[in-house]
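# Architecture at a glance
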Amino acid sequence: MAASTPGQKPAKPEEPAALPLRDRLISGLLIGLIRLLGLLPYRLRVPMMGWIVSHVVGPVIGYRRRVRENLTMIFPEMPAAEKNRLARAVPDQIGRTLAELFSPEDLKATAAATPVTGPGAAALDAAREAGRPVIIVSGHIGNYDIARSILIRRGHKVGGLYRSMNYKGFNDFYVSRISQVGTPLFLRGRRGMGEMVKFLKEGNAIALLIDQHMGAGAPLKFFGRTAYTALSAAELALRYDALVVPCYGIRQPDGMSFEMVIEEPVPHGTPEEMTQALNDSLEAQVRAHMEQWLWVHRRWKEQEITHDA
């Protein structure tokens, strides 16, 4: 720290730069809407947010059109009526998940009542007892934070990687809420990745989502189409002898409760083989729960999308 000149007042620390007006306005609007919905009981808040995103936000920002485009590309023979149903149901799922993420105490209470199924639970607990690093892999299906909350309750130390929101004011609010489910959280980027790797090497668990388009990823298959997918989960597993376990928080027919499915660990092989196995695992879950996946995401960016007439 630099010393001040004798007789000179120490310089005041620089104050953080004020957020741009657009950032403040949009962040304030989003936070205000979430706080307003927070006045409702949780059992009403979740379906209400689903309805708003499905019937108000979704049509305005193009969610319904994008769902139909992706479904037309992957399932060209799907009847129009089914595509229209999913074009409404997918944004509803997005809204419900948002309401849950911004209601951390209610989310944790839901997680406490969520049954855990699947053949991978014993292997996951054995890795924790042995101090072996674990990489929990999921996708944007159901509610991925249910899995993080449940595993923390089961005694696992779980760190999560997150992507910064476009508006800093809203991002700060978002991080403050998801932190209440559990920490540490690592911001996507070089520094965050370094912190996450250090945490993993100490014998802890990290949670990753692999279903976003990664231009620098490997050209693997997802629903029979080329989907550029990050190999980082597999590469980290091979480097640090980590267990790789697909986990999914699947929403149940009542729209409020969940089942956590823990699948068998993915055997170590080449990064491409392991990541393709993870893609195949997620695809099977999506096929079983079509309305619960993020069909608004541009997962197959490099490929032509056929528009509905």
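To start, this report covers the structure provided alongside it. (Residues numbered from 1 in each chain as written. Predicted model: local features only at pLDDT ≥ 70, side-chain atom pairs only at ≥ 80, totals over all residues. Heavy atoms only, no water.)

To continue, consider the overall build of the protein chain. For the protein chain, the count of helices and strands is 11 helices and 9 strands. Relative to the compact-globule value of 19 Å for 309 residues, the protein chain shows a C-alpha radius of gyration of 21 Å, a close match. If you line up the protein chain on its principal axes, its C-alpha atoms span 80 × 50 × 40 Å. The proportion of buried residues among the 309 residues of the protein chain is 49%. A separation threshold of at least 6 residues defines the contact pool for the protein chain, and within that pool the share at least 24 residues apart is 76%. Working note: accessible area of the protein chain is about 15,600 Å², and carbon and sulfur atoms make up 57% of it. Computed over 38 positive and 31 negative side-chain charges, the separation of the two mean positions in the protein chain equals 7 Å. (Helix = DSSP H or I, 4+ residues; strand = E, 2+ residues; numbered from the N terminus. Rg over C-alpha atoms; globule rule 2.2 N^0.38 Å. Buried < 20%, exposed > 50% of the residue type's maximum accessible area, 1.4 Å probe, protein only. Contact = heavy atoms within 4.5 Å. Areas by Shrake-Rupley, 256 points an atom, 1.4 Å probe, with all protein chains shown as cover. Lys, Arg positive; Asp, Glu negative; His and termini not counted. Charge placed at Lys NZ, Arg CZ, Asp CG, Glu CD.)

Our focus in this paragraph is the pattern of salt bridges. With the rule as written, the count across this model stands at 15 salt bridges. Its salt-bridge partner being Glu69, residue Arg65 comes within 3.2 Å of it at the nearest N-O pair. You can see Arg65 and its partner Glu69 sitting in helix α3 (residues 63-74), 4 residues apart, about one turn around the helix. Look at Glu69 and you get buried, because its relative accessible area is 3%. When the shortest N-O distance is used, the salt bridge between Arg128 and Glu129 registers 2.9 Å. Take Arg128: its relative accessible area is 28%, and that puts it in the partly exposed class. Through salt bridges with shared partners, one network takes in Asp125, Arg128, Glu129 and Arg154. (Salt bridge = Lys/Arg side-chain N within 4 Å of Asp/Glu carboxyl O.)

Let us look at the side chain of Gln292. As for its position among the elements, Gln292 is in the segment after α11 (271-288). By relative accessible area, which is 4% here, Gln292 ends up buried. Within polar-contact distance, the side chain of Gln292 engages the backbone nitrogen of Arg251 at 2.8 Å. The contact partners of Gln292, leaving out residues within four places of it in the chain, are Gln93, His140, Ile141, Gly142, Ile250 and Arg251. (Polar contact = N/O pair within 3.5 Å; in protein donor to acceptor, adjacent residues only side chain to side chain.)

This part takes up the pairing of strand β2 (residues 134-138). Every regular strand shows the same layout, with side chains that alternate between the two sheet faces. Across the 5 residues that make up β2, a large majority, 5, are buried. Here β2 shows a buried face lined by Val134, Ile136 and Ser138 and a second buried face lined by Ile135 and Val137. Looking at chain direction, β2 and strand β5 (residues 205-209) are connected through 5 bridges and run parallel. Across the sheet, Ser138 pairs through a bridge with Leu209, a residue of β5. Note that β2 and strand β8 (residues 243-251) share 4 bridges and pair parallel. The partner of Val134 across the bridge, within β8, is Leu243. (Pairing = 2+ DSSP bridges.)

So, on to the packing of aromatic side chains. For any pair of aromatic rings, the description consists of the separation of the ring centres together with the inter-plane angle of the planes. Applying the stated criterion across every chain, the model contains 13 aromatic pairs. Relative to Phe199, the ring of Phe186 lies with its centre 5.8 Å away and its plane at 55°, an arrangement referred to as tilted. Linking Phe186 in strand β4 (residues 185-187) with Phe199 in helix α9 (residues 190-201), this pair joins segments that are 13 residues apart in sequence. Its relative accessible area of 13% is what places Phe199 among the buried residues. Each member of the aromatic cluster is reached from another via a ring pair, and the members are Phe75, Phe222, Phe223, Trp293, Trp295 and Trp300. (Phe/Tyr/Trp six-rings, centres within 6.5 Å; stacked < 30°, edge-to-face > 60°.)

It is worth spelling out the nonpolar core at this point. Counting residues in each nonpolar core, the largest one holds 26 residues, and the members touching the most others are Trp295 and Trp300. Ranked by residues supplied to this core, first place goes to α3 with 5 residues. Residues in contact with Trp295, not counting those within four places in the same chain, are Arg66, Val67, Asn70, Leu71, Ile74, Phe75, Val90, Phe223, Val286, Met290 and Trp300. (Core = buried A, V, L, I, M, F, W, Y, C linked by side-chain atoms within 4.5 Å.)

Moving on, we get to the sheet that holds β4. The 7 strands lie next to each other as β1-β9-β8-β2-β5-β3-β4, forming an open sheet whose pairing is mixed. The open sheet terminates on both sides in strands that have one partner only, identified here as β1 (116-117) and β4. Along the sheet, helix α10 (residues 232-240) makes contact with β2, β5 and β8, crossing β2 at roughly 165°. Across the sheet, α11 lies against β2, β8 and β9 (258-262), angled at about 15° from β8, the strand it touches most. (Axes fitted to C-alpha atoms, helices over the stretch in contact; angles between N-to-C directions.)

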